[in-house]
Amino acid sequence: MLEHEKEIVEYEKLLEQLKEQGQTKGLFADEEILQLEEKLSGLKEKVYSAITPWERIQICRHPNRPHSLDYIKEMCSEFVEIFGDRQYRDDAAIIGGFGIIGGERFVIIAQEKGSDTATRIERNFGMPHPEGYRKAKRIMKIAEKFQLPVLSLIDTAGAFPGLEAEERGQGGAIAENLLEMARLQTPIIVVLIGEGCSGGALGMGMGDVIGMLEHAYYSVISPEGCASILWKDKGMNSVAADSLKMHAEFLLEEGVIDAVIQEPVGGAHHDQKAAIESVKHFVLEKWKYLSSLSIDEVLDMRYEKFRRLGHCETVGQ
């Protein structure tokens, strides 16, 4: 339970008890229950309309928030996974393969955190090694060969920062992915479903259309990392979360993303199926648009999209 949701959860429990008593003992009329439900709706609106950037980070990291595997299982009528980077090993933090979504064929690459202790360890908590990025690049080149669109699902706290990852060329692997995604001759749709932190996210995040769930975040650094560097105080996490402007509405304004995908009230963990259905609708809608363009038009649009980022003006001397 998240801190800002405690009052809501307690009210919901009380309401359930009153409903049960009303049914078994006839203590409460339907009109009274209806009034209590309306008060609960008002409470939710009040709480969720006032959540802070740091509280949204907690929503983004909620253990019940759907992860990439949940999206793949729900959205795809068929999915065939591809393993390995053909150089070193398979990285379980990256999932990739062929999928059919709404009757349309896609090549999917995704970052997966795991859903319990065993799978989180297996997936390295969604932090890819260099071979993970090389695996993603290999799968994207297959998509290009067969002229299939790429769907990239982003959800990582960052690329794995261990010594062995650096020894195997972590920075180079991410840079190579950026180069390949910039010139890949097939459409790329990117969706940020959770955390999108640092180069770990960017290494799979260059696309023709970039959508972002309402409570996901996309940033050069985590709030904790920012607070430790600037203030050397983890108590400043909330200040860092506010200062970084890492949420969807700010990134949409700056042109970093193209669309905000609404989540169920309170976050995707409250209604996983509704959140996944929203992402599926977004993906199919954007693919319908991209499929109407020639590959030259897609590449020109991609070039212009990223050239516009970071625009600034010099005033005076």
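Up top is the structure.
In short, a report on the structure.

Definitions and cut-offs
Residues numbered from 1 in each chain as written. Predicted model: local features only at pLDDT ≥ 70, side-chain atom pairs only at ≥ 80, totals over all residues. Heavy atoms only, no water. Phe/Tyr/Trp six-rings, centres within 6.5 Å; stacked < 30°, edge-to-face > 60°. Helix = DSSP H or I, 4+ residues; strand = E, 2+ residues; numbered from the N terminus. Buried < 20%, exposed > 50% of the residue type's maximum accessible area, 1.4 Å probe, protein only. Lys NZ or Arg CZ within 6 Å of the ring centre and 35° of its normal. Salt bridge = Lys/Arg side-chain N within 4 Å of Asp/Glu carboxyl O. Axes fitted to C-alpha atoms, helices over the stretch in contact; angles between N-to-C directions. Parallel < 35°, antiparallel > 145°, perpendicular 65-115°, else oblique. Contact = heavy atoms within 4.5 Å. Nonpolar A, V, L, I, M, F, W, Y, C, P; charged D, E, K, R; others polar. Disulfide = S-S within 2.5 Å. Patch = residues over 30% accessible without salt bridge, like charges linked within 9 Å, V, L, I, M, F, W, Y side chains within 5 Å. Areas by Shrake-Rupley, 256 points an atom, 1.4 Å probe, with all protein chains shown as cover. Core = buried A, V, L, I, M, F, W, Y, C linked by side-chain atoms within 4.5 Å.

1. Some points on the packing of aromatic side chains
Within the structure shown, the criterion is met by 1 aromatic pair. Between Phe-106 and Trp-287, the ring centres sit 6.2 Å apart and the planes meet at 65 degrees, which makes this aromatic pair edge-to-face. Within this pair, whereas Phe-106 is found in strand β3 (residues 104-111), its partner Trp-287 is found in helix α13 (residues 272-290), the two being separated by 181 residues in sequence. Per residue, the accessibility class of Phe-106 equals that of Trp-287, and both read buried. The ring of Phe-306 has Lys-305 sitting right over it, with the charged end atom 5.8 Å from the ring centre.

2. Describing the pattern of salt bridges
Following the criterion strictly, the structure yields 15 salt bridges and no others. Close ionic contact of Glu-180 with Lys-141 constitutes a salt bridge, the shortest N to O distance being 3.4 Å. Note that Glu-180 is positioned in helix α8 (residues 170-183) and Lys-141 in helix α6 (residues 130-145), a separation of 39 residues in sequence. In this structure Glu-180 comes out as buried when scored by relative accessible area, which is 14%. The closest approach of N and O atoms between Arg-183 and Glu-180, which form a salt bridge, is 3.0 Å. With Arg-183 and Glu-180 both in helix α8, this residue pair falls 3 residues apart, about one helical turn. When salt bridges that share partners are traced, they join Arg-61, Lys-113, Asp-155, Glu-195 and Glu-224 into one network.

3. Examining the packing of helix α4 (residues 68-75) against α13
Running from N to C, α4 and α13 point in directions that differ by 70 degrees, and their axes come no closer than 10 Å. By the angle between their axes, α4 is roughly perpendicular relative to α13. Judged by residue contacts, Asp-70, Tyr-71, Glu-74 and Met-75 of α4 engage Gln-272, Lys-273, Ala-275, Ile-276, Val-279 and Lys-280 from α13. Looking at the contact of α4 with α13 residue by residue, the class counts come to 5 nonpolar, 1 polar and 4 charged.

4. Observations concerning the state of the cysteines
Tallying each qualifying case throughout the model produces 0 disulfides. Free of any disulfide, Cys-226 has its nearest neighbouring cysteine sulfur in Cys-197, separated by 10 Å. The exposure class assigned to Cys-226 is buried, which follows from its relative accessible area of 9%.

5. Details of the environment of Leu-69
Structurally, Leu-69 can be placed in helix α4. Expressed as a C-alpha distance, the spacing of Leu-69 and Glu-112, which sit 43 residues apart in the sequence, is 6.7 Å. Once residues lying within four places of it in the same chain are set aside, the contact partners of Leu-69 are Ile-95, Glu-112 and Arg-123.

6. A short note on a nonpolar patch on the surface
A surface patch of nonpolar side chains, amounting to about 380 Å² of accessible area, comprises Ile-229, Leu-230, Trp-231 and Val-239. If you trace the backbone, Leu-230 turns up in helix α10 (residues 223-230).

7. A look at the nonpolar core
Core analysis: the biggest nonpolar cluster contains 56 residues, and Tyr-71, Leu-151, Ile-189 and Val-191 have the highest contact counts within it. Counting residues per element, this core draws most heavily on α13, which supplies 7 residues. Beyond its immediate chain neighbours, meaning those up to four positions away, Tyr-71 contacts Pro-66, Cys-76, Leu-153, Ile-193, Leu-213, Ala-275, Ile-276 and Val-279. Judged by nonpolar contacts, the second largest core, of 9 residues, contains Leu-2, Leu-43, Ile-51 and Ile-59.

What is shown is where atoms sit, not what they do.
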